[in-house]
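# Descriptive structure summary
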Amino acid sequence: MSAINITNVSVLDNPAPFVSPFQFEISYECLTSLQDDLEWKLVYVGSAEDETYDQTLESVLVGPVNFGNYRFVLQADPPDPSKIREEDIIGVTVLLLTCSYMGQEFLRVGYYVNNDYEDEQLREEPPTKVLLDKVQRNILSDKPRVTKFPINFHPEDEQTPAAADPPPLTEQYDEQQPDDKGGEAQVLPDQLPKPHES
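Let us look at the structure shown here. Since this is a predicted model, take the numbers as computed values, not measurements.

Note that the residue after Asn14, namely Pro15, is joined by a cis bond; omega there is 0 degrees. Position of Pro15 among the secondary structure elements: in the loop between strand E1 (4-12) and strand E2 (16-17). The phi angle at Asp13 is positive, at roughly 50 degrees, despite the residue not being glycine. Mapped onto the elements, Asp13 comes out in the loop between E1 and E2. A residue is classified by how much of its surface remains accessible, and Asp13, at 44% relative accessible area, is partly exposed. In this model, Met102 sits at a positive phi of 55 degrees, which is unusual for a non-glycine residue. Tracing the backbone shows Met102 in the loop between strand E7 (91-101) and strand E8 (104-117). A residue is classified by how much of its surface remains accessible, and Met102, at 43% relative accessible area, is partly exposed.

Moving on, we get to the environment of Glu49. With respect to the helices, strands and loops of the structure, Glu49 is situated in the loop between strand E4 (38-45) and strand E5 (55-63). What makes Glu49 exposed here is its relative accessible area of 67%. In terms of polar contacts, Glu49 uses its side chain to reach the side chain of Arg85, at 3.5 Å.

Applying the stated criterion across every chain yields a total of 4 salt bridges. In this structure, Arg85 and Asp88 form a salt bridge, with 2.9 Å as the shortest nitrogen-oxygen distance. Look at Arg85 and you get partly exposed, because its relative accessible area is 27%. Among the charged side chains, a salt-bridge network with shared partners connects Glu49, Arg85, Glu87 and Asp88.

Rules behind the numbers
- Residues numbered from 1 in each chain as written.
- Predicted model: local features only at pLDDT ≥ 70, side-chain atom pairs only at ≥ 80, totals over all residues.
- Heavy atoms only, no water.
- Helix = DSSP H or I, 4+ residues; strand = E, 2+ residues; numbered from the N terminus.
- Buried < 20%, exposed > 50% of the residue type's maximum accessible area, 1.4 Å probe, protein only.
- Polar contact = N/O pair within 3.5 Å; in protein donor to acceptor, adjacent residues only side chain to side chain.
- Salt bridge = Lys/Arg side-chain N within 4 Å of Asp/Glu carboxyl O.

In structure tokens:
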């Protein structure tokens, strides 16, 4: 059984201009205290054909991870357009939110992202060079693809060789509506997780 259950991920400020930061409000519960921090990453897939165009937009460590319910906002800069092929800026791509513990990824949430001009005339007659300040980003947040990977949350307790890993579980979740307590990182009942750069 996983030591961490993600209870909700809300995409904030969406749709938004392409050049705006990403913001995700993440809620999760910890069922047993962990010795190490959780690592959260946000990755922008720059090309469906070539993963060398992927950009890690943010990577933060969040801890301490004690028993309880947690909520925080992960903010990340937009992708660097100079690292994306011009023909791949407009259209549909993928955004990946991952969580790892001690270098073991146990959760991946994938979102489709549609980048297009907000202006109808620009959509019908797109300019030769992409006008980034006119591009709107829309994260299709209602049907995220959630994949869970079984990992060992307590390797210090392991005394026998682990059995072969079972295959990952992939599910689709309807995003829940964010509650109205929004904004800053907080944990219920009594401790704040402390995000810090890795």
